[in-house]
Amino acid sequence: MPRIAYFGPQGTFTEQAALRFEGELVPFETIPLAIAALRKGETEFACVPIENSVEGAVPATLDALIRDEPVVAVAETVLDVRFSVLVRPGTTEIRSVASHPHALAQVREWIAATLPGVTSIATSSTAAAAAAVERGEFDAAVTAPVAVNHYALDEYATDVLDVADARTRFLLLRRPGALPAPTGADRTSVVVTTPDRMGVLSELLTELALRGINLTGLESRPTKGKLGEYRFYIDVEGHIAEPRIGDALAALHRHSREIRFLGSFPKADQRPVEAHNAEFTAAATWVDAVRKGETG
Ligand SMILES: O=C(O)C(=O)C[C@]1(C(=O)O)C=C[C@@H](O)C=C1
């Protein structure tokens with residue numbers, strides 16, 4: 001059975017996401033450590049969170065994806081997110097509440113209304129907060145509902161969430177190899193470092209628009225070099241095997257100082273992508289024929 005490194009420990013949302021894929025799950029304390037295990041060949045896959053509908057992109061994942069040797073996404077899955085607040089049995093007063101910063105941000109209003117005056121403490125993950133509460137370091141942890149099964153804690157509150165219908169998307173990563181076959185409902189992800197000149201981002205987006213490609217995500221992260229220098233993470237609908245996507249990525253390559261392919265894989269929503277591949281194929285066939293002198 002393949003091994004899947006995941007952002008743990010046991011009881012994280014990421015573990016719930018990783019359980020949807022077939023493999024032996026291996027927990028790591030941080031996102032960079034899970035991806036490093038994949039790069040080193042300790043596991044065949046890694047499962048990490050990439051974006052949340054309330055708090056946006058997960059910076060630790062974006063930064064880990066661009067470092068060191070390339071890794072690519074081969075699948076994604078989306079989880080509904082709602083939180084439980086766990087305490088040690090017998091707790092009567094809550095003075096501190098711990099969790100992953102993304103989780104704390106999603107229950108900020110609930111904490112202010114229900115536990116006014118408590119101190120919020122950031123931990124490496126929601127489950128790490130549960131473990132710390134179990135050890136007596138903090139009074140309460142904001143966790144995934146399943147965490148109550150892994151730690152000797154009681155539910156103080158369940159279904160906690162400031163914004164209804166929150167969801168988090170997770171990626172299944174692998175070292176580069178054969179790509180997943182196109183399904184007609186795919187997503188392609190790249191990260192581009194642009195030269196420092198006027199209008200370059202609009203040029204990138206125009207290349208997509210000209211080919212009728214739907215942009216589903218655009219994130220920027222500093223290159224960590226010069227102040228004001230950024231990388232752009234671009235998600236589009238379609239698969240690199242499709243002519244219009246291949247054509248667009250070639251254009252992005254021409255506009256960029258550095259480009260890294262992050263994968264073409266089936267979208268979790270399985271909603272078919274409206275494409276114009278037949279027109280692109282017909283145009284390429286025509287150019288080919290003209291070059292050979294077969295037509296005018
Ligand atoms: O700490 C966890 O349980 C995670 O899996 C991380 C994470 C995140 O990074 O957004 C995943 C889903 C929730 O939105 C909160 C935390």
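The model shown is predicted, which means the values in this text are computed figures rather than measured ones.

Section: the sheet that holds strand E13 (residues 215-222)
With respect to topology, four strands assemble into an open sheet ordered E13-E14-E12-E15, the strand pairing being antiparallel. In the strand order of this sheet, the two ends are held by E13 and strand E15 (258-266), each with one partner. Each strand axis lies, on average, 15 degrees off the axis of its neighbour in the sheet, ignoring direction. As paired elements, E13 and strand E14 (residues 230-237) share seven bridges and run antiparallel to each other. Each bridged residue has a counterpart across the sheet, and for Gly217 the counterpart in E14 is Asp235. Against the sheet, helix H7 (residues 200-210) touches strand E12 (186-193), E13 and E14, its axis set at about 10 degrees to E14.

Digging into the packing of H7 against helix H8 (residues 243-255)
Viewed as axis vectors pointing N to C, H7 and H8 meet at an angle of 165 degrees, and their least axial separation amounts to 9 Å. Taken together, the axes of H7 and H8 lie roughly antiparallel to each other. Where H7 crosses over H8, the two elements pack in a sense that is right-handed. Contacts between H7 and H8 involve Val200, Glu203, Leu204, Glu207 and Leu208 from the former and Ala248, Ala251, Leu252 and His255 from the latter. Here the contact of H7 with H8 is built from residues that sort into six nonpolar, one polar and two charged.

Some thoughts on the packing of aromatic side chains
Under the defined criterion, the tally for this structure stands at one aromatic pair. With centroids separated by 5.3 Å and ring planes inclined at 80 degrees, the aromatic side chains of Phe13 and Phe83 adopt a geometry described as edge-to-face. In this pair, Phe13 is assigned in helix H1 (residues 13-18) and Phe83 in strand E6 (residues 83-87), connecting sequence segments 70 residues apart. Taken as a pair, Phe13 and Phe83 share a single burial class, namely buried.

Things to note about the sheet that holds strand E8 (residues 119-122)
The sheet built from five strands is open, its strands ordered E8-E7-E9-E6-E10 with mixed pairing. Both edges of this open sheet fall to E8 and strand E10 (154-160), since each of them pairs with a single strand only. Within the sheet, the average angular offset between the axes of one strand and its neighbour, ignoring direction, is 25 degrees. When strand E7 (residues 96-99) meets strand E9 (residues 140-143), the two strands line up parallel, connected through two bridges. In the sheet register, Val97 faces E9, and the bridge partner there is Ala140. Lying over the sheet, helix H6 (residues 126-134) contacts E6, E7 and E9, oriented at roughly 160 degrees with respect to E9.

Re the pattern of salt bridges
As enumerated under the stated definition, the model contains 23 salt bridges in all. One salt bridge connects Arg82 with Asp159, and the closest N-O pair in it is separated by 2.4 Å. Here the residue Arg82 occupies a position in the loop between strand E5 (72-80) and E6, and Asp159 occupies one in strand E10, the gap between them amounting to 77 residues.

Considering H6
Counting buried residues along H6, eight of its nine residues qualify, which places the element largely inside the surrounding structure. If you check which residues of H6 are buried, you get Thr126, Ala127, Ala128, Ala129, Ala130, Ala131, Ala132 and Val133. Turning to H6, the residues buried within the fold contact H1, E6, E7, helix H4 (101-106) and E9. Capping of H6 at its N-terminal end is provided by Ser125; its side-chain oxygen lies 3.4 Å from the backbone amide nitrogen of Ala127. Positive backbone phi, approximately 90 degrees, marks Gly136, located one or two places after H6.

So, the confidence of the model for the protein chain
Per-chain confidence: the protein chain averages 95 in pLDDT, with 100% of residues scoring 70 or above. Taken over the whole predicted complex, pTM reads 0.93, whereas the ipTM for its chain interfaces reads 0.92.

Some details on the UniProt feature "domain: Prephenate dehydratase" (unreviewed entry) in the protein chain
UniProt's feature table lists "domain: Prephenate dehydratase" (unreviewed entry) at residues 3-175, given in the numbering used throughout. Across residues 3-175, the secondary structure splits into 26% helix and 35% strand, with the terminal C-alpha atoms separated by 13 Å.

Observations concerning the side chain of Thr143
With respect to the secondary-structure elements, Thr143 resides in strand E9. Given the relative accessible area of 0%, Thr143 is considered buried.

Conventions used here
- Residues numbered from 1 in each chain as written.
- Predicted model: local features only at pLDDT ≥ 70, side-chain atom pairs only at ≥ 80, totals over all residues.
- Heavy atoms only, no water.
- Pairing = 2+ DSSP bridges.
- Helix = DSSP H or I, 4+ residues; strand = E, 2+ residues; numbered from the N terminus.
- Axes fitted to C-alpha atoms, helices over the stretch in contact; angles between N-to-C directions.
- Contact = heavy atoms within 4.5 Å.
- Parallel < 35°, antiparallel > 145°, perpendicular 65-115°, else oblique.
- Left-handed = near helix turned anticlockwise from the far one by under 90°.
- Nonpolar A, V, L, I, M, F, W, Y, C, P; charged D, E, K, R; others polar.
- Phe/Tyr/Trp six-rings, centres within 6.5 Å; stacked < 30°, edge-to-face > 60°.
- Buried < 20%, exposed > 50% of the residue type's maximum accessible area, 1.4 Å probe, protein only.
- Salt bridge = Lys/Arg side-chain N within 4 Å of Asp/Glu carboxyl O.
- Polar contact = N/O pair within 3.5 Å; in protein donor to acceptor, adjacent residues only side chain to side chain.
- pLDDT = per-residue confidence, 0-100.
- UniProt positions renumbered as here; feature names shortened; annotations may be inferred.

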